[in-house]
Each structure stands twice: as structure tokens, then as C-alpha cells.
Amino acid sequence: MSLLPSRFIYLCLHFLVLYFQVQESQQSTADFRFYIENHTRNPDDLSRKQVRIYQLYSRTTGKHVQILGKRINANGDDGGKYALLVVETETFGSHVRIKGKESEHYICMNEKGKIIGRPDGRKQECVFVEEFLENNYTALVSAKYKGWYLGFNRKGRPKKGSRTTQRQQEVHFMKRQPKGRADPLEEFRFTTVTKRTRRARRLKSNPKRN
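Description of the structure in this document. (Residues numbered from 1 in each chain as written. Predicted model: local features only at pLDDT ≥ 70, side-chain atom pairs only at ≥ 80, totals over all residues. Heavy atoms only, no water.)

1. Describing the packing of aromatic side chains
Note the following rule: Here the aromatic set is Phe, Tyr and Trp, taking the six-membered ring for Trp, and pairing holds for ring centres within 6.5 Å; pairs whose planes are under 30 degrees apart are stacked, those over 60 apart are edge-to-face, and all others are tilted. Runs of E in the DSSP output that reach at least two residues are strands. Runs of H or I that reach at least four are helices, and both are numbered from the N terminus. Accessibility here uses a 1.4 Å probe with only protein chains present; expressed as a share of the type maximum, an area under 20% marks a residue as buried, one over 50% as exposed, and anything in between as partly exposed. The criterion is that NZ of a Lys, or CZ of an Arg, lies within 6 Å of the ring centre and within 35 degrees of the ring normal, and then a charge sits over that ring.
Applying the stated criterion across every chain, the model contains two aromatic pairs. Between F152 and F173 the ring centres are 6.0 Å apart and the planes differ by 85 degrees, which places this aromatic pair in the edge-to-face class. Placement of the pair is F152 in the loop between β9 (138–142) and β10 (173–176) and F173 in strand β10, with a sequence separation of 21 residues. The exposure class assigned to F152 is buried, which follows from its relative accessible area of 0%. Assessed through its relative accessible area of 0%, F173 is described here as buried. One cation-aromatic arrangement involves R176 over Y57; the distance from NZ or CZ to the ring centre is 3.9 Å.

Spelled out as C-alpha cells, the structure:
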């Protein structure tokens, strides 16, 4: 008879330990979900964003996309201050936001397919998806309005997104470094080292003293 109470107490303690383990596990899961929600809710976190500065060369006009404020066209000169674009790219995909470095307005597309500049680029209308084409050009399709592309006619005026397709030259762009800025890849050129170049380097590093 004395063993029954002790066994009962043992079982009670065992269930109590299991209860606290379950509560702790649920709390950890809740904390983890809270952490994920806080770190993925805002896509503009600097930890998830890459910022680059370059120009977009238009295939149709032979000039560059420029953001003048609310007005956007493809008549910008190489190295023009309104043609410098700040491109914000999320690290988990090819979604980009394009802002004018000078005007600080974003390229956006409204529900009518019209291209406009806005000072606030957090809306989905200001997000584009990069599509890399076989001809080394890049197309930018709206993330909100599927199949609607950023494009400009031969006069450099924006085309309505509903009238664009990926095959049109009006939506083809090429990324270019600003005028006067060297291509980062040029810093990694390979040079063949021969006996002659090694001798020239030694003479350069140890010049004769008069």
C-alpha cells in the first residue's frame, strides 16, 4: 500500500515536467515567429537590400532613362545628373526599386499603365522585376501588373504598360556605369608575367641612385 502513493507522486511529477516542457516549446515557437515577422515585414531593411548606382541605356532612343520628378523619359545624356539612378535590390530576388539620385523620385506604374515619378517608393506599384534577355539587354516588368513593362518610344516618351511586350525594343535596356566612372571589372584584369616584365618591375622598384 505504501508504494501506491509514491508511484502516484512520481507520475504527477512526470506529467508536471512534461507540461512545462510543452509550454516552453510553445513560447520558443512564438518568439521565433515574432522574430521572423519583424525581420520580413519591411522589405526596405538595409540588411535585406543592396543599393547600386548606374544608368539605364534605352535601346530605342540611344540615350538614358532620366527621372525629372513626376516626369520620366529616355532622353538623358550620358553622365547627366537626372540619369543617375539609385537601384535598390532585395537580396532574396530580382525585385528592384529605381530612384533618381537627383530628383529622389521613384519610377512607378499606376493602374492605367502610366509611368510616373513618386517621392515614396514603398508601394507595390513602384516595384519592378528584372528579366535578363538573350541579347544582353534587361527588361523591367511591373511586380503588381503582370505583363506590363517599363518602356519608352523613339521620342523617349513612356509607353503605357498595357501596350508593351517583352519582345519590343522599347522595353529593352542596358545597364551602364556613369560617365567618368570606371567599370569595377576593370580592376580584376589579368596580366601575363614574363621575364621582361619581371625585370622591368625590379628596376622600377629599385631605381639607381645617382
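2. Things to note about the state of the cysteines
Put simply, the test is: Criterion for a disulfide: a pair of cysteine sulfur atoms at a distance within 2.5 Å.
Counted by the stated rule, this structure contains one disulfide. Through a disulfide, C108 is tied to C126; the S-S separation comes to 1.9 Å. In this structure the cystine formed by C108 and C126 twists about its S-S bond by roughly 95 degrees; its chirality is therefore right-handed. Here C108, found in strand β6 (residues 106–109), pairs with C126, found in the loop between β7 (115–118) and β8 (128–132); they are 18 residues apart in sequence, far enough to count as distant.

3. Some details on the pairing of β9
Spelled out, the test is: Whether two strands pair depends on DSSP finding at least two bridges between them.
With five of five residues buried, β9 is to be regarded as a mostly interior element. Burial of the side chains of β9 extends over both faces: T138, L140 and S142 are buried on one face and A139 and V141 on the other. Here β8 pairs with β9 via five bridges, running antiparallel. For E130, the partnering residue across the bridge sits in β9 and is L140. Between β8 and β9, which pair antiparallel in sequence order, lie five residues; one of them, N136, sits at a positive phi of approximately 70 degrees.

4. Some remarks on the pattern of salt bridges
It is possible for side chains bearing opposite charge to pair when their charged atoms get close. Rules: Each salt bridge in this description consists of a side-chain nitrogen of Lys or Arg and a carboxyl oxygen of Asp or Glu lying within 4 Å of one another.
If you walk through the whole model with that rule in mind, you get five salt bridges. Note that D120 is salt-bridged to R122, the shortest N-O span being 3.1 Å. By relative accessible area, which is 33% here, D120 ends up partly exposed. One salt bridge connects E130 with K175, and the closest N-O pair in it is separated by 2.8 Å. Residue E130 is located in strand β8, and its partner K175 is located in strand β10; the two are separated by 45 residues in the primary sequence. Owing to a relative accessible area of 10%, E130 belongs among the buried residues under this scheme. When salt bridges with common partners are traced through the structure, they connect R118, E125 and K144 into a single cluster.

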